[in-house]
Amino acid sequence: MDKFVIKGGAALQGEIPVGGSKNSALPALAAALLTEEPVTLRRVPAVRDIRTMQRLLVDIGSKVDVDGETVRLETPAIVCPEAPYELVKTMRASSLALGPLLARCGRARVSLPGGCAIGARPINLHIFGLEQLGARINQTHGYIEAVAPEGLRGAVVHFDRITVTGTEDLMMAAVLAKGETLLRNAAREPEVADLAQLLVKMGARIEGAGTSTIKVEGVERLHGAEHTIIADRIEAGTFLIAGAITGGDVTVTGCVPEHVGALVSKLQQTGVGVTQPDATSLRVRGGGRLRSVDMTTEEYPGFATDLQAQYMALMTQAEGIAIIEETIFENRFMHAQELARMGANIRLDGKQAIVAGPRELTGAGVIASDLRASASLVLGALVARGETVIDRVYHIDRGYEKIEAKLARVGAKIQRVE
Ligand code: EPZ
């Protein structure tokens, strides 16, 4: 099991390039199931979750050729419309196969994902939506068995709570349904809009992706397409905070500044200087006084829950009290205890974490629990006095490609130990 050994104290200086978005590439890969023609995706990050999804698609019947960041998929026929437990338990986004399989062949057998470190994470809204489109779904032995023998038909699906992959799953089911589908209270995340762009290139008829109401006019069939995945806004945000917490001067390149607008605004409120040198870069300069500023996670375009842990690490170094409220997941504060072991002053109270600072962090042995919590421990270690050893970095490898190489290139003293 790999570990990271990090010596804190270096102010990061220089440029960090951002890769393609994991959370956009995952649904885009699943979308290839919707046609027997080839789909080519560019800027696909080589992270563990992507490899898991590719393995799932091969088991289902896709031919997958990976050439660096370009992935070519071709699914001449669905051989096995199933997402087995052994894959799903390692990556819950496998539920993104549900919609495409039902749309393509009228059948799907997908393991219930089960909970994960950050919460129960049910997929009841995916199931509700697919039933509205005419699927018959039952749950047995930990699996969802879905059939739509007469095909899916358009319907109005009103999500009572916003779900990102729920919106994506339903959009992929609707593109081949008979008639019109309306998704209300849909997720507005950039990854949803990026998926819609790919589907439209494949011949789908979609309006309103990126807003709360998405209209899909079903078509007979989809054809192949080529698409470049958008930049990973969470990776970009993580590196901006790395520049801020180390008091450095970091330019994040190849990103979409608008997609991290809430974080940029929050950083500026804390006293961190953030400028936009050009259309695809953001420059962050730390080093000044850092003020504690409250933060509440919200669906896009609010402050992303996937940057909450990283922001908490930053607030351990800020002057005052910052109240951080996590409204999306019920158990997403695991990093707080680990940061506290490094010296942070954090008190948890239900959905809130109260961070008092500034507190000097000291290097310690810590354990990563989930993808973004791990990133927060790396950020803490970068500013901690002494050496930190982070265990179970496979969590980080799920969503960050070569994070240690990218950070080392701008001066971080970080190395991976087998
Ligand atoms: C996506 O997960 C992301 N994953 C998550 O990123 C991200 O944290 C999350 O959206 C919120 O932005 C991918 O895109 C692959 P949700 P998703 O459905 O779609 C509840 C990362 O670090 N809910 O928007 O699974 C759910 O429990 C990952 O890259 C239901 O109750 O999240 C949660 O509390 C972590 N029933 C809330 O809604 C459902 O059917 C939002 O979940 C679906 C969701």
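Residues numbered from 1 in each chain as written. Predicted model: local features only at pLDDT ≥ 70, side-chain atom pairs only at ≥ 80, totals over all residues. Heavy atoms only, no water.

Q: I'd like a rundown of the side chain of Thr316, residues and numbers included.
A: On the secondary structure map, Thr316 appears in the loop between helix H10 (308-315) and strand E19 (320-325). In terms of polar contacts, Thr316 uses its side chain to reach the backbone carbonyl oxygen of Ala313, at 2.6 Å. Look past the residues within four positions of Thr316 in its chain and what remains in contact with it is Ala344, Ile346, Val355, Gly357, Pro358, Arg359 and Leu361. (Helix = DSSP H or I, 4+ residues; strand = E, 2+ residues; numbered from the N terminus. Polar contact = N/O pair within 3.5 Å; in protein donor to acceptor, adjacent residues only side chain to side chain. Contact = heavy atoms within 4.5 Å.)

Q: Give me the site of the ligand: which residues, what numbers.
A: What surrounds the ligand is a group of 22 residues, the closest being Asn124, Thr163, Thr165, Asp306 and Ile328. One of the side-chain N or O atoms of Lys22 is found 2.9 Å from an oxygen atom in the ligand. Take Arg121: an N or O atom from its side chain is 3.0 Å from an oxygen atom of the ligand. Taking 830 Å² as the accessible area of the ligand by itself, protein coverage stands at 89%. Contributing elements (two or more residues each) for the shell around the ligand: helix H1 (22-31), helix H5 (124-132), helix H6 (164-174) and helix H12 (371-383). Residues from two domains meet in the shell around the ligand; each of domain 1 (3-17 + 231-417) and domain 2 (25-228) gives at least three. (Near = heavy atom within 4 Å. Areas by Shrake-Rupley, 256 points an atom, 1.4 Å probe, with all protein chains shown as cover. Domains from an automatic or database assignment.)

Q: Residue-level account of unusual backbone geometry, with values.
A: Generally, phi is negative for residues other than glycine and the peptide bonds are trans, each holding for most cases. With an omega of 10°, the peptide bond between Tyr300 and Pro301 qualifies as cis. Looking at the element boundaries, Pro301 is found in the loop between strand E18 (295-296) and H10. Cis rather than trans, the peptide bond between Gly357 and Pro358 has omega equal to 0°. In this fold, Pro358 is placed in the loop between strand E21 (352-357) and strand E22 (365-367). Phi angles above zero are rare outside glycine, and Asn185 is one such case at about 60°. Looking at where Asn185 falls in the secondary structure, it is placed in the loop between strand E11 (180-184) and helix H7 (190-201).

Q: An account of the sheet that holds E22 is requested, with residue identities and associated values reported.
A: The 4 strands lie next to each other as E22-E23-E1-E24, forming an open sheet whose pairing is mixed. Looking along the sheet, the strands with just one partner apiece sit at the ends: E22 and strand E24 (413-417). Within this sheet the neighbouring strands show an average axis-to-axis angle of 20°, counted without direction. Here 4 bridges tie strand E1 (residues 3-7) to strand E23 (residues 387-391), and the two strands are oriented antiparallel to one another. From the neighbouring strand, Phe4 faces E23, where its bridge partner is Ile390. Across the sheet, H12 is in contact with E1, E22, E23 and E24; its angle to E1 comes to roughly 30°. (Pairing = 2+ DSSP bridges. Axes fitted to C-alpha atoms, helices over the stretch in contact; angles between N-to-C directions.)

Q: Could you give an account of the domain arrangement of the chain, naming the residues involved and the relevant values?
A: According to the domain assignment, the chain consists of domain 1 (3-17 + 231-417) and domain 2 (25-228). Taken over C-alpha atoms, the centre of domain 1 sits 31 Å from the centre of domain 2. The interface of domain 1 with domain 2 comprises 22 residues on the first partner and 20 residues on the second. In total, domain 1 and domain 2 occlude about 1,800 Å² of area from one another, counting both sides; carbon and sulfur atoms represent 49% of this. (Buried area = accessible area lost by both parts, 1.4 Å probe.)

Q: Describe in detail the environment of Ala344, supporting the description with residues and values.
A: By the element assignment, Ala344 lies in the loop between helix H11 (334-341) and strand E20 (345-349). Along the primary structure Ala344 and Ala28 are separated by 316 residues, whereas in three dimensions their C-alpha atoms are 39 Å apart. When sequence neighbours within four positions are dropped, the list of residues in contact with Ala344 reads Thr316, Leu339, Arg359 and Leu361.

Q: Report on the side chain of Thr238, specifying residues and quantitative values.
A: Considering the arrangement of structural elements, one finds Thr238 in helix H8 (residues 233-245). According to the relative accessible area criterion, Thr238 is buried, its value standing at 2%. (Buried < 20%, exposed > 50% of the residue type's maximum accessible area, 1.4 Å probe, protein only.)

Q: Account for the packing of aromatic side chains, naming residues and giving values.
A: Aromatic rings considered in pairs are described by the distance between their centres and by the relative angle of their planes. Counted under the stated rule, the structure contains 1 aromatic pair. Look at Phe303 and Tyr311: their rings are 5.5 Å apart centre to centre, the planes differ by 65°, and that puts the pair in the edge-to-face class. For Phe303, a relative accessible area of 6% puts it in the buried group. Directly above the ring of Tyr143 sits Arg109, whose terminal nitrogen or CZ lies 3.8 Å from the centroid. (Phe/Tyr/Trp six-rings, centres within 6.5 Å; stacked < 30°, edge-to-face > 60°. Lys NZ or Arg CZ within 6 Å of the ring centre and 35° of its normal.)

Q: So what's going on with the sheet that holds strand E15 (residues 249-253)? Residues and values would help.
A: The strands that make up a sheet are held in pairs by hydrogen bonds between backbone atoms, and each pair lies either parallel or antiparallel. Reading across the sheet, the 4 strands line up as E2-E15-E17-E16 and stay open at both edges, with mixed pairing between neighbours. The open sheet is flanked by strand E2 (13-17) and strand E16 (273-275), the only strands paired with a single partner. On average, each strand axis in the sheet is inclined to that of its neighbour by 15°, with strand direction left out of account.

Q: Can you break down the state of the cysteines residue by residue, with the values?
A: Taken as a whole, this structure holds 0 disulfides when the rule is applied. Among the cysteines around Cys80, which has no disulfide bond, Cys105 carries the closest sulfur, lying 9.7 Å off. Exposure remark for Cys80: the relative accessible area of 30% places this residue in the partly exposed category. (Disulfide = S-S within 2.5 Å.)

Q: Please set out the nonpolar core residue by residue, giving values where relevant.
A: Counting 73 residues, the largest nonpolar core has Leu34, Met171, Val175, Leu199, Ile206 and Leu222 as the members making the most contacts within it. Sort the elements by how many residues they give to this core and H1 lands first, with 6 residues. Not counting the four nearest positions on each side in its chain, Val175 is found in contact with Leu34, Leu199, Ala204, Ile206, Val216, Glu217, Gly218, Val219 and Leu222. Phe239, Ala318, Leu339 and Leu371 belong to the second largest nonpolar core, which has 68 residues in total. (Core = buried A, V, L, I, M, F, W, Y, C linked by side-chain atoms within 4.5 Å.)

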